[in-house]
Amino acid sequence: MKVEIIPCLSDNFSYLIHDKESNKVSIVDPAEYNACDDVIKKYKKLDFILNTHHHADHVGGNLELKKKYNSKILGFELDKDRIPGIDILLKEKQKYKIGNLEFKIIFVPGHTKGHIAFFFFKEKVVFTGDTLFSLGCGRVFEGTHEQMFNSLNKIKKLPSETKIYCGHEYTKSNLDFCLAYDTKNTFLKKKEIDIQKKLNSNQPTIPTILDQEIKTNIFLRCNDHEIKHSLGLKDSSDLKVFSKLRDLKDSF
Ligand code: ZN
Ligand code: FE
């Protein structure tokens, strides 16, 4: 499984997936036609388009790419009326195979009502769209804080070595937020150095590894005593802490 990172728009990531053995080519969340097609051209084909959710910055290239390559578009069944050009309706926990690559649908509502993640369980690679970012999580637009919290916990339970490919390069501003509210975290300080190196050399900070996120991403650390304490929520539930952090981040 080869994953090519395609920076799109101002801070989006689209991803091209190539299965060398079967020569199947797929793209996750084509944000725009031109940037994606520049990479797809090398392969001269695009078999599948995978959408995590319906937002324009994730489906913007759908129709033009489908038209050029006669691709099939996969998205969640709930979003059948909002994902442009959708052909194949996916269900929660469904498995789907493209060539030799197989993935499972993880239903992760919160950012939108029909948001899904694509988990390639043999390769241990997950595409999280706008649900989990490096050091952050998506805004809660259509769902509830509780849904988003539960969705993040589903991703948190994947194998710790899982590689995470998310929808945006938001890592720097997420890092600043984590540093502000998780002041004593030594893992975070190490990660800061690594992130700065990548950004200084114009490299994406993606993929990140789940194990690192669990140690550094404040939204996955709502059970941490130090964090609870620093928020004045010593005796509150993890969900309450999550909701507070999400609200603080919205205006950070
Ligand atoms: Zn979105
Ligand atoms: Fe987005």
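Right above here is the structure, for reference.
Residues numbered from 1 in each chain as written. Chains lettered and ligands numbered in written order. Predicted model: local features only at pLDDT ≥ 70, side-chain atom pairs only at ≥ 80, totals over all residues. Heavy atoms only, no water.

Asks: Run through the pattern of salt bridges, naming residues and quoting values.
Replies: Tallied over the full model, the rule gives 22 salt bridges. A salt bridge links Lys41 to Asp38, with the nearest nitrogen and oxygen atoms 3.3 Å apart. Notably, a salt bridge pairs Asp194 with Lys198, separated by 3.6 Å at the nearest N-O pair. With a gap of 4 residues between them, Asp194 and Lys198 both fall in helix 6 (residues 186-200), about one helical turn apart. (Salt bridge = Lys/Arg side-chain N within 4 Å of Asp/Glu carboxyl O. Helix = DSSP H or I, 4+ residues; strand = E, 2+ residues; numbered from the N terminus.)

Asks: Quick one: what's the story with the coordination of the zinc ion (ligand 1), residue by residue and with numbers?
Replies: Taken together, His53 (NE2), His55 (ND1), His111 (NE2) and Asp130 (OD) make up the full set of protein donors to the zinc ion (ligand 1), lying 2.2 Å away. Coordination at the zinc ion (ligand 1) is irregular, judged from the 4 donor atoms that bind it and the angles of 88 to 172 degrees they form at the metal. Spacing between the donor residues of the zinc ion (ligand 1) along the chain follows H-x1-H-x55-H-x18-D. The distance between the zinc ion (ligand 1) and the iron ion (ligand 2) comes to 3.2 Å, and Asp130 binds to both of them. With His53 in the loop between strand 4 (48-50) and helix 2 (56-59) and His111 in the loop between strand 8 (101-107) and strand 9 (116-120), the pair connects residues that are 58 residues apart, well separated along the chain. Residue class for His53 comes out buried when judged on its relative accessible area of 0%. (Donors = N, O, S within 2.8 Å, 3.2 Å for Na, K, Ca; no water. Tetrahedral: all angles 85-135°; square planar, octahedral: opposite > 155°, others 65-115°. Buried < 20%, exposed > 50% of the residue type's maximum accessible area, 1.4 Å probe, protein only.)

Asks: I'd like a rundown of the sheet that holds strand 10 (residues 125-129), residues and numbers included.
Replies: Sheet strands associate in pairs through backbone hydrogen bonding, adopting either a parallel or an antiparallel arrangement. With mixed pairing, the 6 strands of this open sheet are ordered in space as 7-8-9-10-13-14. Edge positions in the sheet fall to strand 7 (95-98) and strand 14 (208-209), since each has one partner strand and no second. Across 4 bridges, the pairing between strand 8 and strand 9 is antiparallel. If you follow Phe107 over to strand 9, its bridge partner there is Ile116. (Pairing = 2+ DSSP bridges.)

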